[in-house]
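# Examining the three-dimensional arrangement
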Amino acid sequence: MSVQTIQAVGDDTSIRPFRVDVAEAELAELRRRITATRLPEKETVDDFSQGVPLATVEKLAHYWAVEYDWRKVEARLNALPQFVTEIDGLDIHFIHVRSQHSDALPLIVTHGWPGSIVEQLKIVEPLTAPTAHGASASDAFDVVIPSMPGYGYSGKPAGTGWDPQRIARAWIVLMKRLGYTKFVAQGGDWGAVVTDIMATQGDPALIGIHTNMPNAVPLEIDAAARANAPAPPGLSAEEQHAYEQLAFFYTNVYYAYHMGTRPQTLVGLADSPVALATFMIDHDARSLELIARVFDGGSEGLTRDDVLDNVTLFWLTNTGVSAARLYWENKFPFFSPKNVTIPVAVSAFPDELYQLPRSWAERAYPMLIHYNKLDKGGHFAAWEQPEALSGEIRAGFRTLRG
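As a starting point, this report considers the structure included with it.

Rules behind the numbers
- Residues numbered from 1 in each chain as written.
- Predicted model: local features only at pLDDT ≥ 70, side-chain atom pairs only at ≥ 80, totals over all residues.
- Heavy atoms only, no water.
- Pairing = 2+ DSSP bridges.
- Helix = DSSP H or I, 4+ residues; strand = E, 2+ residues; numbered from the N terminus.
- Axes fitted to C-alpha atoms, helices over the stretch in contact; angles between N-to-C directions.
- Buried < 20%, exposed > 50% of the residue type's maximum accessible area, 1.4 Å probe, protein only.
- Phe/Tyr/Trp six-rings, centres within 6.5 Å; stacked < 30°, edge-to-face > 60°.
- Lys NZ or Arg CZ within 6 Å of the ring centre and 35° of its normal.

Turning our attention to the sheet that holds strand β5 (residues 141–146). Taken in spatial order, the nine strands line up as β1-β2-β3-β5-β4-β6-β7-β8-β9 in an open sheet, and their pairing is mixed. In this open sheet, the two strands that pair with only one neighbour each are β1 (15–17) and β9 (368–373). Strand after strand, the sheet turns through a mean of 25° between neighbouring axes, direction not considered. Relative to strand β7 (residues 206–211), strand β6 (residues 183–187) runs parallel, the two being bridged by five bridges. Its bridge partner lying in β7, G187 is registered against T211.

That bond from W113 to P114 is cis: its omega, 5°, falls within 30 degrees of zero. Looking at the secondary structure, you find P114 in the loop between β4 (105–110) and α4 (121–128). Even without being a glycine, N318 presents a positive backbone phi close to 50°. Considering the arrangement of structural elements, one finds N318 in the loop between α13 (304–317) and α14 (320–329). In this structure N318 comes out as partly exposed when scored by relative accessible area, which is 40%. The phi dihedral of N339 falls on the positive side, at around 65°, and the residue is not glycine. With respect to the helices, strands and loops of the structure, N339 is situated in the loop between α14 and β8 (344–348).

Here the focus is the packing of aromatic side chains. Considering all chains together, one arrives at 19 aromatic pairs under this definition. Pairing W113 with Y327 gives two aromatic rings, centres 6.0 Å apart and planes at 90°, and the pair type is edge-to-face. Within this pair, whereas W113 is found in the loop between β4 and α4, its partner Y327 is found in helix α14, the two being separated by 214 residues in sequence. Using a relative accessible area of 2% as the deciding quantity, one classes W113 as buried. Judged by its relative accessible area of 8%, Y327 is buried. Measuring from centroid to centroid gives 5.9 Å for Y250 and F335, while their planes differ by 70°, and the two rings are edge-to-face. Of the two residues, Y250 sits in helix α8 (residues 237–250) while F335 sits in the loop between α14 and β8, which places them 85 residues apart along the sequence. Using a relative accessible area of 1% as the deciding quantity, one classes F335 as buried. Taken together, the aromatic side chains of W113, W190, F249, Y250, Y255, F279, Y327, F334, F335, Y354 and W360 make up a single cluster linked through ring pairs. The side chain of K331 reaches across the aromatic face of W328, ending 5.5 Å from its centre. The ring centre of F141 lies 4.5 Å from the NZ or CZ of R401, which sits over that ring.

Next comes the structure, spelled out in structure tokens:
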């Protein structure tokens, strides 16, 4: 099935198998467009203050056009069970891997932007086959990883209304359609927002959530950080550090403002693969610095192929603009509490947009069942630190089994 053929169909609850099959002509056209890119002059600074450095763009484009092989990740995707099902009038693509261990706990994992299902591929085996990764069979999960509407192989909404609340409702429908009467959910970035909202919708089938980008910044602190105001008085050292991280992020979040107000203007994301890649890797300061080191030849949690697998998926499905519309649809603050009252597990990575202090976690999540402050990892935890995140998910949900 060609990735371009996924469309919304009638009222159909069937679950249809899916495979990725990209025509060689599309890959040749991608390489042609990369090679034909007209680049700007070099930045006038020696840091990242003007965005992605020209040298990083040149190295990325050269590797993408000359050495990168899409077929490798295509094979990885097709080695996993993939399906499409219609929910609320839209086709939803998802990976569904059942563990071979009995009593596996069903888990739905939601990606963010500029992520995709590619972001979670490294955690599938550690979660479904824990004994192969030094964990117990009792820690096994059945794993469901959907592509959000407008992303990847899911359908592109033709009208408005696919906001995080609607996605959250669709995910509960999906898990029940798969036969699960009790399940847990996990997410980072947009996935964290969707997961928190799922937890507020009152469905008893969802028994707990895990987040690696907690929606837990007190409202007054979030407002001060957005305004780039001085930190409120009385913060602990951990809270002060988190405030400073958050305030710094808010001064560098222009991509979100653009997508949140004028997503359709980003036509260049559909026309130039290098423009798409450059826009996507400029998500946050720490991630951009990491990716730049990767294309300089450094050894990091991410590889050049990891980065380009994700960008190429966006390019081949032409979802740069459709994915951006989620920012336009959203009316929730990204980091403020969502009034979650079910059990919550939190993993706080140091290079996340902010590293959540336990005090804020306890305030936002009254049923906090797990909190851990890690010493390595950033915004794309499933990508960068898959073993660490898998271990956190196991530990976080352990008390909810049985």
